Amino acid sequence: MSESFVRFFGLSESPFSKEIPDSDLWLPPSKHELVEEMCDAVHERSQVLLVGEPGAGKTCVLRALRHRLPQAGFRLTYCHNATLGRRDFYRQLCQALGLTPAATAAAVFYAISAHVENLGRERIHPVFLLDEAHLLHQDTLDHLHILANYEWDSRALLSLILVGLPDLKDRLELRKNRSLYSRIDRRLSIGPMTADDTSEYVRLRLGRAGCDRDLFTSEALTSLHEAAGSSLREIDRVATAALRESARRKKKLVERDVMARVIGDVKSDAD
């Protein structure tokens, strides 16, 4: 508890840290629906596309999905380094699966395919979560539909979940990627948060840090929502800065003037 504002406001911890268990994640109603739809898709052994602006909560949705899916019957594998060429991408996937990467690209791909088929025989459905997928090399995108093709494309042994910025959908809609895009059954996007969502999120995070009262005025919350938009990451950053500034001024409430000062400083830093 090194932050001085934590002590000043009598909090048990920094309220807007990203270090939060999956079970304590907050999601607005629209994201609850997304998690439900993704869970349904995985149970149906389907492929999923999820896109959203930076900080909109894509990783929160994935963590909620991980928490919701039963461990029995599913095997989730998370890959976040999408900047690799096809061979190195599959080598990374091998390592994430606990396999020893082979020397050649063909051998690496065969090892992954055989692993997926073995899991199928054990009645375990593998789910590959490919984060930052808008950064995937074209040679990897050219090949991913083959990874989901088993027994002459007659069996669904694997679910791919491609997650990225809206640019990813634009890339997949190109003619050269239609073999992959046509196999994606669920094409989802994360919509914007409302002002009420922002207020609820701030109160919930403060409550989990031991605060049983409002620390932000309604005007400050409105300014916070307008400045951060739908980015949970920006809400965390600006709200933390506002708490620091209020503590520095010895004010027990974050008011509009403090928020205006903080938002101005954040914009200056961004410029």
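Residues numbered from 1 in each chain as written. Predicted model: local features only at pLDDT ≥ 70, side-chain atom pairs only at ≥ 80, totals over all residues. Heavy atoms only, no water.

J.: Talk me through the overall build of the protein; I want residue IDs and the actual numbers.
T.: In terms of regular secondary structure, the protein is built from 12 helices and 5 strands. With the C-alpha coordinates aligned to their principal axes, the bounding extent of the protein is approximately 65 × 40 × 35 Å. Excluding contacts between residues fewer than 6 apart, the proportion of contacts in the protein whose partners are at least 24 apart in sequence is 75%. Counting only carbon and sulfur atoms, one obtains 47% of the accessible surface of the protein, whose full area is about 13700 Å². Side-chain charges in the protein split into 38 positive and 39 negative, and the spacing between the mean points of these groups amounts to 3 Å. (Helix = DSSP H or I, 4+ residues; strand = E, 2+ residues; numbered from the N terminus. Contact = heavy atoms within 4.5 Å. Areas by Shrake-Rupley, 256 points an atom, 1.4 Å probe, with all protein chains shown as cover. Lys, Arg positive; Asp, Glu negative; His and termini not counted. Charge placed at Lys NZ, Arg CZ, Asp CG, Glu CD.)

J.: Break down the pairing of strand 4 (residues 159-164) for me, with residues and values.
T.: When a strand is regular, its side chains alternate between the sheet's two faces. Taken across its 6 residues, strand 4 has 6 buried, putting it largely inside the fold. Covered by surrounding structure in strand 4 are Ser-159, Ile-161 and Val-163 together with Leu-160, Leu-162 and Gly-164, the residues of both alternating faces. Bridge count for strand 1 (residues 47-51) against strand 4 is 4 bridges, and the pairing is parallel. Across the sheet, Val-48 pairs through a bridge with Ile-161, a residue of strand 4. Taken together, the 4 bridges between strand 3 (residues 125-130) and strand 4 define a ladder with parallel strand orientation. (Buried < 20%, exposed > 50% of the residue type's maximum accessible area, 1.4 Å probe, protein only. Pairing = 2+ DSSP bridges.)

J.: Describe the environment of Phe-74, naming the residues involved and giving the relevant values.
T.: Inspection of the secondary structure puts Phe-74 in strand 2 (residues 74-79). Along the primary structure Phe-74 and Leu-119 are separated by 45 residues, whereas in three dimensions their C-alpha atoms are 9.3 Å apart. Excluding residues within four positions of it along the chain, Phe-74 makes contact with Val-42, His-43, Leu-69, Ile-124, His-125 and Val-127.

J.: Now, about the pattern of salt bridges: what can you tell me, with residues and values included?
T.: Pairs may arise between side chains of opposite charge once their charged atoms sit close together. Summed over the entire model, instances satisfying the criterion amount to 11 salt bridges. The residue Glu-36 makes a salt bridge to Arg-68 at a minimum N-O spacing of 3.2 Å. In this pair, Glu-36 is assigned in helix 2 (residues 29-43) and Arg-68 in helix 3 (residues 58-68), connecting sequence segments 32 residues apart. Classification of Glu-36 as partly exposed rests on a relative accessible area of 38%. The exposure class of Arg-68 is partly exposed, given its relative accessible area of 42%. Across the pair Lys-251 and Asp-257 runs a salt bridge, and its minimum N-O distance is 3.4 Å. On the accessibility criterion, Asp-257 (39% relative accessible area) is partly exposed. Because the salt bridges share partners, they merge into one network encompassing Glu-245, Arg-248, Arg-249, Lys-251, Glu-255 and Asp-257. (Salt bridge = Lys/Arg side-chain N within 4 Å of Asp/Glu carboxyl O.)

J.: Please provide a residue-by-residue account of the packing of helix 9 (residues 195-208) against helix 11 (residues 232-248), values included.
T.: A pair of packed helices can be characterised by two numbers: the angle between their axes and the separation between those axes. Between helix 9 and helix 11, whose axes approach to 11 Å, the crossing angle comes to 60°. As the angle between them shows, helix 9 and helix 11 are arranged oblique. By crossing handedness, the relation of helix 9 to helix 11 is classed as right-handed. Contact residues: helix 9 offers Thr-198, Tyr-201, Val-202, Arg-205 and Leu-206, while helix 11 offers Leu-232, Ile-235, Asp-236 and Leu-243. By residue class, the composition of the contact of helix 9 with helix 11 is 6 nonpolar, 1 polar and 2 charged. (Axes fitted to C-alpha atoms, helices over the stretch in contact; angles between N-to-C directions. Parallel < 35°, antiparallel > 145°, perpendicular 65-115°, else oblique. Left-handed = near helix turned anticlockwise from the far one by under 90°. Nonpolar A, V, L, I, M, F, W, Y, C, P; charged D, E, K, R; others polar.)

J.: Which residues make up the side chain of Lys-31, and what are the values?
T.: Positionally, Lys-31 belongs in helix 2. For the buried Lys-31, which has no salt bridge, the nearest side chain bearing the opposite charge is Asp-197, at an N-O separation of 6.5 Å. In contact with Lys-31, not counting residues within four places along its chain, are Ala-56, Gly-57, Val-61, Ile-190, Gly-191 and Met-193.

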